[in-house]
Amino acid sequence: MKAIRRFTVRPVLPEPLAPLSELARNLRWSWHAPTRELFRGVDPAGWRAAGGDPVRLLGSVTAGRLAELATDPEFLFRVSETARDLDGYLRGRRWYQEHSGDGTPLPAAVAYFSPEFGITAALPQYSGGLGILAGDHLKAASDLGVPLIGVGLLYRHGYFRQSLSLEGWQQEHYPVLDPDELPLTLLREPGGSPAQVSLDLPGGRSLRARIWQAQVGRVPLLLLDSDVEENAPGERDVTDRLYGGGSEHRLLQEVLLGIGGVRAVRAYCRLTGHPEPEVFHTNEGHAGFQGLERIRELLTYGLGFDAALEAVRAGTVFTTHTPVPAGIDRFGRELVARHFGAGGELSGVDAERVLRLGSESYPGGDPEVFNMAVMGLRLAQRANGVSTLHGAVSREMFRGLWPGFDTAEVPITSVTNGVHAPTWVAPEVLALGDDIASTPGTDLWALRRVLRERLVHEVRERLYASWRQRGAGTAELGWIDGVLDPDVLTVGFARRVPAYKRLTLMLRDRERLTELLLHPERPVQIVVAGKAHPADDGGKRLVQELVRFADDPRVRHRIVFLPDYGMAMARKLLPGCDVWLNNPLRPLEACGTSGMKAALNGGLNLSVLDGWWDEWYEPDFGWAVPTADGTAAHDQDRRDDLEAAALYGLVEERIAPLFYDRGADGVPARWTEMVRRTLTALGPKVLADRMVREYVDRLYAPAARAHRVLALDTGAAGELADWKARVHAAWPGVSVGHVEAGADTGAAELGSTLALRVCVTLGALRPEDVDVQAVAGRVDADDAIADPQAFPLKPAAGGPDTAGRWIYEGPLALDRTGPFGYTVRVLPAHPLLPHGADPGLVAWPAETAGEGAGVLMR
């Protein structure tokens, strides 16, 4: 029989055990081993049954056991010490509090918006790398003392749980999550009622959401939940599933995340006294509407839209994670217009101005769609990709927003992702600490075998459960006891399953793969996991193709597919793999942090030079899979064949021989040294601590300074907005005319100087409104300037001539040999601009003006 109503009965802890409640509610336990060991000691069997979740554990432990522990002096001492340690962690000064930066105050708080957060398997609010990255960002910020406030949505069904049919087809399940059974607390008003945010929808409807709080160490994470009784059924379902539903459903989720998220932050700061954020960081475009809500707030204080836009942009950081246009949320213009028109979400904000922010108003764009990433870039003074290569890809992808600028000058920088070591590193590896360099090779090799053996047992358990779920009987599954071998070279591949990640590249030549798996002296075994999006039948077919190959009795002891990949599985799988495989279509992997996690455990990477691997690959850290970026790039099948052949060759000729090349002590010396080098030299680079420090110094601190000038001094924001409007109106009258170049030394030799003299028409503008620059560098066969440098030119004495033309002068040093060229340009200039490209305006010489385009040879 089925219950008609479900609710959670919370345990009443004896007074001596009261600290266990706070320890369970603070998610620091997810990366703090002593706290997890404390809860394991409450009830080891219950801890396993609860999946390592302290909240579920405390909800199931018997009153008798609690009474027994309440009188156990040793356990009470551990409770007291663990609680004292947490208190010190939460209150003590950390890196951020001691960090002076450039001497100006760092942000009082930073609001960090993301559609998903992967903190722990006990809070399943993530689908893949974006959410895991967001979770690691919060954890590292907590460890460093960065005053972040996380903002997301609480999905009542999470993403989905994956299983397989007997035929190997992915099946999705959406278990209902009860917030009362999760490590969450409800944000409440002083009288005890739940705090809520409310949004107006077209047709007089409303969308309300409660605010749940997860405490991630020092960082509060606010999760909005639309499943409240005051909502109509359609509105209650807005936060039902992560990345589910049609366009309007997704739009409502993103409106709630952005606009509702700002209102949730305001409520949290009002109720707790937390400092208001000076910086708003949007992790991908899904939360871009937060900038519109902040504009609306400023309009109520009397600012015009343009001034409010400048004030909001000053304190906004936008991080893009996708290297392909198809990965960006785009909505129909009419749908967005309906939600932001009369009676919509932002009363008082001109809907046409909203639509303009997301318009693809550039060559190749679609004027009928609203692009969330485009809006995110237009609402932020500072933007970044998530690896050096991805930064370059993003500059090319969005260059249409800055017409007239070379791709290299598009103002999108990069901060390479990192991973949170305490979350992802096996305790035995963490225990090595600073002793890795001096640890004997025999000990490192023995540790790698321990981790591999643990993985083998984990795989067998999960494989058995999967086959039982697929309908197999116990009598059919004796073969699972022989699956994998703790002494065989183990390759891991686990990630989401979009087509570009090429899950099945390893299957291009099945006979050759089979030979590698079954090699008599140097066998290889492969562990694969991954989920396809529920709406991606192509991805599901890839999963099925891999599963069917792994079901073959000839190879099933050497290759396995594990369903329902998530954080809990990753923490077991990653440490046990000797090699971590990544073979996306270059350059479509923005970063790819799973390989970082493997490296922190001593795993070697075997990857296409994409994402983070492109910038940090060294032969000591693993292997680069050659790619067919040139002549074969237009033929996908041929490209896959070539790159798969290169992959097989690396494994067969270099990787497997190195793994099995044992010395007299049974240790592969070169392999072990590569493990050591990976841990000591690569490990520090891939840490989330490094990533968050970069965000603080390069993005958060400058954004806070700009916020203080433009958002706190609304007069400055208005002045900048008026100046921009004047410059945009006058820019058609700006041009570069005659350019003269005289050599001081009489010859174009290294070390000589050209004396440039340029005629510039400024129209209605004055010299203080512009920068005039010579741009110079080596040139290619088409006279394109590579690695350009800008040299300022100054107005000559005497002012403009009768036609309004100004003469600008300055030296141009010839500091390099070979083909060399220069040109001249005019940019808007204002003390409050973050960079010259910010207004998106530039004037170059006319194509017929030859004097400034000459190439000098020496």
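Everything here concerns the structure above.
Residues numbered from 1 in each chain as written. Predicted model: local features only at pLDDT ≥ 70, side-chain atom pairs only at ≥ 80, totals over all residues. Heavy atoms only, no water.

Caption draft 1: Examining the overall build of the protein more closely. When its secondary structure is counted, the protein shows 28 helices and 27 strands. The C-alpha radius of gyration computed for the protein amounts to 30 Å, which stays within 12% of the reference 29 Å derived for 858 residues, consistent with globular compactness. Principal axes of the C-alpha set define a box for the protein whose edges measure 95 × 70 × 50 Å. Classification of the 858 residues of the protein by burial places 57% in the buried group. In the protein, the proportion of contacts linking residues at least 24 apart, taken out of those at least 6 apart, comes to 73%. (Helix = DSSP H or I, 4+ residues; strand = E, 2+ residues; numbered from the N terminus. Rg over C-alpha atoms; globule rule 2.2 N^0.38 Å. Buried < 20%, exposed > 50% of the residue type's maximum accessible area, 1.4 Å probe, protein only. Contact = heavy atoms within 4.5 Å.)

Caption draft 2: Examining the environment of Gly364 more closely. When you line up the elements, Gly364 lands in the loop between helix 14 (351-357) and strand 12 (369-371). You can call Gly364 exposed: its relative accessible area is 85%. Distance in space between the C-alpha atoms of Gly364 and Ser414 is 25 Å, their sequence separation being 50 residues.

Caption draft 3: Quick look at the packing of helix 2 (residues 33-42) against helix 6 (residues 73-91). The contact between helix 2 and helix 6 brings their axes to 10 Å, and the two run at 150 degrees. In terms of orientation, helix 2 and helix 6 fall into the roughly antiparallel class. When the axes of helix 2 and helix 6 are compared, the crossing they make is left-handed. Judged by residue contacts, Thr35, Glu37, Leu38, Gly41 and Val42 of helix 2 engage Phe75, Arg78, Val79 and Thr82 from helix 6. Residue composition of the contact of helix 2 with helix 6, by class: four nonpolar, three polar and two charged. (Axes fitted to C-alpha atoms, helices over the stretch in contact; angles between N-to-C directions. Parallel < 35°, antiparallel > 145°, perpendicular 65-115°, else oblique. Left-handed = near helix turned anticlockwise from the far one by under 90°. Nonpolar A, V, L, I, M, F, W, Y, C, P; charged D, E, K, R; others polar.)

Caption draft 4: Structural view of the pairing of strand 10 (residues 316-319). What you see with strand 10 is no split at all: Thr316 and Phe318 on one side and Val317 and Thr319 on the other are buried throughout. Of the pairings in the sheet, the one linking strand 9 (residues 279-283) to strand 10 comprises four bridges and is parallel in character. Bridging from a neighbouring strand, His281 pairs with Val317 of strand 10. (Pairing = 2+ DSSP bridges.)

Caption draft 5: Quick look at the nonpolar core. One finds Leu489, Met506, Ile526, Leu606, Trp623, Ile655 and Trp671 to be the most contacted residues of the largest nonpolar core, which totals 100 residues. For this core, the element with the highest residue contribution is helix 25 (residues 636-660), accounting for 10 residues. Ignoring anything within four residues of it in the chain, the contact list for Ile655 reads Leu489, Val579, Leu606, Trp623, Leu650 and Trp671. One finds Ala209, Phe370, Val736 and Val770 within the second-largest nonpolar core, a separate group that totals 99 residues. (Core = buried A, V, L, I, M, F, W, Y, C linked by side-chain atoms within 4.5 Å.)

Caption draft 6: Structural detail: the pattern of salt bridges. Taken as a whole and judged by the stated rule, the model has 61 salt bridges. Between Asp225 and Arg156 there is a salt bridge; the shortest N-O distance is 2.6 Å. Of the two residues, Asp225 is situated in strand 8 (residues 219-225) and Arg156 in the loop between strand 2 (148-153) and strand 3 (161-164); the sequence distance between them amounts to 69 residues. Across the pair Glu278 and Arg708 runs a salt bridge whose closest N-O atoms are separated by 2.8 Å. (Salt bridge = Lys/Arg side-chain N within 4 Å of Asp/Glu carboxyl O.)

Caption draft 7: Expanded view of the pairing of strand 3. Pairing between strand 3 and strand 4 (residues 170-173): four bridges, direction antiparallel. Residue pairing for strand 4: Leu164 is matched across the bridge by Gln170. Counting the residues between successive antiparallel strands, the hairpin from strand 3 to strand 4 contains five residues, one of them, Gly168, with a positive phi of roughly 85 degrees.

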